[in-house]
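As a plain string of letters, each chain reads:
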Amino acid sequence: MTSTTSSQQDQQELFRFLEDRFVCAQACTECARACALRASLVDPDGTENQELVRRRGIMCAEVCDATCRVLSEQNLVDEAAIRVQLEWCRQVCLESAHAFDEQPGAEESARACRACARACGEFLDTLR
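Residues numbered from 1 in each chain as written. Predicted model: local features only at pLDDT ≥ 70, side-chain atom pairs only at ≥ 80, totals over all residues. Heavy atoms only, no water.

> Can you lay out the overall build of the protein chain for me, pointing to particular residues and giving the numbers?
On a plain count of helices and strands, the protein chain comes out with four helices and zero strands. For the protein chain, the α and β elements follow one another from N to C terminus as α-α-α-α. Seen along its three principal axes, the alpha-carbon backbone of the protein chain occupies a region of about 65 × 25 × 20 Å. Looking at the 128 residues of the protein chain, the share that counts as buried comes to 39%. (Helix = DSSP H or I, 4+ residues; strand = E, 2+ residues; numbered from the N terminus. Buried < 20%, exposed > 50% of the residue type's maximum accessible area, 1.4 Å probe, protein only.)

This is the structure we're talking about:
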């Protein structure tokens, strides 16, 4: 393989990595927005189940926001730290989606959580 071909392949891999990173960050942003909205719609003096959904929504929004910030940093954070953040985000999103499944009107939030979990998982696969 010539050095030009190798250089082009390296550049394509970098573009793919940045594109996957952006897709994941975008999914995190959308999920954070949906979860924050869902949390704001729940009555803070509601039932214990409603309080759980509200807390899940807040936590998910915060974790997704933090993940987006990590992914948006220009200088790459330690790859191991990125993996931990992505796995944490993926897990929190799946738990939140499950909590939202049981709430009428929360389908959009559950969908956003699952999409974010999927994007985090796919991006994790590129890091391995």
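There's more to say after this.
> Can you break down the packing of helix α2 (residues 48-72) against helix α3 (residues 79-101) residue by residue, with the values?
Interhelical geometry of α2 versus α3 gives an angle of 155 degrees and a closest axis separation of 9 Å. For the element pair α2 / α3, the angle class is roughly antiparallel. Note on packing geometry: the crossing formed by α2 with α3 is left-handed. Listed contacts from α3 to V53, R56, G57, M59, C60, V63, C64, A66, T67, V70 and L71 of α2 are I82, Q85, L86, W88, C89, V92, C93, E95, S96, A99 and F100. Considered class by class, the residues forming the contact of α2 with α3 number 16 nonpolar, four polar and two charged. (Axes fitted to C-alpha atoms, helices over the stretch in contact; angles between N-to-C directions. Parallel < 35°, antiparallel > 145°, perpendicular 65-115°, else oblique. Left-handed = near helix turned anticlockwise from the far one by under 90°. Contact = heavy atoms within 4.5 Å. Nonpolar A, V, L, I, M, F, W, Y, C, P; charged D, E, K, R; others polar.)

> I'd like to hear about the pattern of salt bridges, residue by residue, with values.
Scanning the entire structure with this criterion turns up eight salt bridges. Salt-bridge contacts for E95 lead to R56; the nearest nitrogen and oxygen are separated by 3.0 Å. One end of the pair, E95, is in helix α3; the other, R56, is in helix α2, and 39 residues separate them in sequence. On the basis of relative accessibility, which here comes to 31%, the residue E95 falls in the partly exposed class. (Salt bridge = Lys/Arg side-chain N within 4 Å of Asp/Glu carboxyl O.)

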